Amino acid sequence: MTSTDARARATGTIDRALNVLREATAEKGKVQTRGVALALWVLRSRCPDEWLVAFWEAAGSDHEIGRSQGLHAAYNGIVRQIRTCGAGGKDAAG
């Protein structure tokens, strides 16, 4: 295995984690699920904890409008952090 393969695999994993979070932002109900938790775990070394915690807390909010706004704000912050460190693929690029 070459380092190129490892980088592509890491980028793919980040993209999949971002996809899970993006899909969670589209849901109407609470989304504090194992899948969301795993996606946040994958991103923990590439994004400040504040954004990951904000997403998780918003995912469990009882207030539908606040949950939606919180999820979108945190998701955008996470994507911005991933883009800044250059770790993502297509989702991080826009």
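Structure's up top.
Residues numbered from 1 in each chain as written. Predicted model: local features only at pLDDT ≥ 70, side-chain atom pairs only at ≥ 80, totals over all residues. Heavy atoms only, no water.

### Here's the deal with the overall build of the protein chain
Thinking step 1. Looking only at helices and strands, the protein chain features five helices and zero strands.
Thinking step 2. Listed by position from the N terminus, the elements making up the protein chain come as α-α-α-α-α.
Thinking step 3. Counting all 94 residues of the protein chain, 35% fall into the buried class. (Helix = DSSP H or I, 4+ residues; strand = E, 2+ residues; numbered from the N terminus. Buried < 20%, exposed > 50% of the residue type's maximum accessible area, 1.4 Å probe, protein only.)

### Comments concerning the pattern of salt bridges
Thinking step 1. In this structure the tally under the stated criterion is one salt bridge.
Thinking step 2. When the shortest N-O distance is used, the salt bridge between lysine 30 and aspartate 62 registers 2.6 Å. Taken as a pair, lysine 30 in the loop between helix 1 (3-26) and helix 2 (34-43) and aspartate 62 in the loop between helix 3 (49-59) and helix 4 (64-85) lie far apart in primary sequence, 32 residues in all.
Thinking step 3. The exposed category is assigned to aspartate 62, whose relative accessible area is 65%. (Salt bridge = Lys/Arg side-chain N within 4 Å of Asp/Glu carboxyl O.)

### What to know about the state of the cysteines
Thinking step 1. The final tally for this structure, using the stated rule, is zero disulfides.
Thinking step 2. The thiol sulfur of cysteine 47 is not disulfide-bonded, and the nearest other cysteine sulfur, from cysteine 85, lies at 8.3 Å.
Thinking step 3. Looking at cysteine 47, the relative accessible area reads 5%, which means it is buried.
Thinking step 4. According to the relative accessible area criterion, cysteine 85 is partly exposed, its value standing at 46%. (Disulfide = S-S within 2.5 Å.)

### So, the side chain of asparagine 19
Thinking step 1. If you trace the backbone, asparagine 19 turns up in helix 1.
Thinking step 2. Polar side-chain contacts of asparagine 19 include one of 2.3 Å to the side chain of arginine 22. (Polar contact = N/O pair within 3.5 Å; in protein donor to acceptor, adjacent residues only side chain to side chain.)

### As for the packing of helix 3 against helix 4
Thinking step 1. For the pair helix 3 and helix 4, the least separation of the axes is 8 Å and the interaxial angle reads 155°. Relative to helix 4, helix 3 is oriented roughly antiparallel. The interaxial crossing formed by helix 3 with helix 4 has left-handed handedness. Two secondary-structure elements touch here, helix 3 through Trp51, Leu52, Ala54, Phe55, Ala58 and Ala59 and helix 4 through Arg67, Gly70, Leu71, Ala73, Ala74, Tyr75, Gly77, Ile78, Arg80 and Gln81. (Axes fitted to C-alpha atoms, helices over the stretch in contact; angles between N-to-C directions. Parallel < 35°, antiparallel > 145°, perpendicular 65-115°, else oblique. Left-handed = near helix turned anticlockwise from the far one by under 90°. Contact = heavy atoms within 4.5 Å.)

### Here's the deal with helix 2
Thinking step 1. Among the residues of helix 2, those classed as buried are Val36, Ala39, Leu40 and Leu43. Along the axis of helix 2, the buried positions cluster into a sector of 95°, meaning they face one direction only. Of the exposed residues in helix 2, the ones pointing more than 90 degrees away from its buried face are Arg34, Leu38 and Trp41. (Arc of directions from axis to C-beta.)

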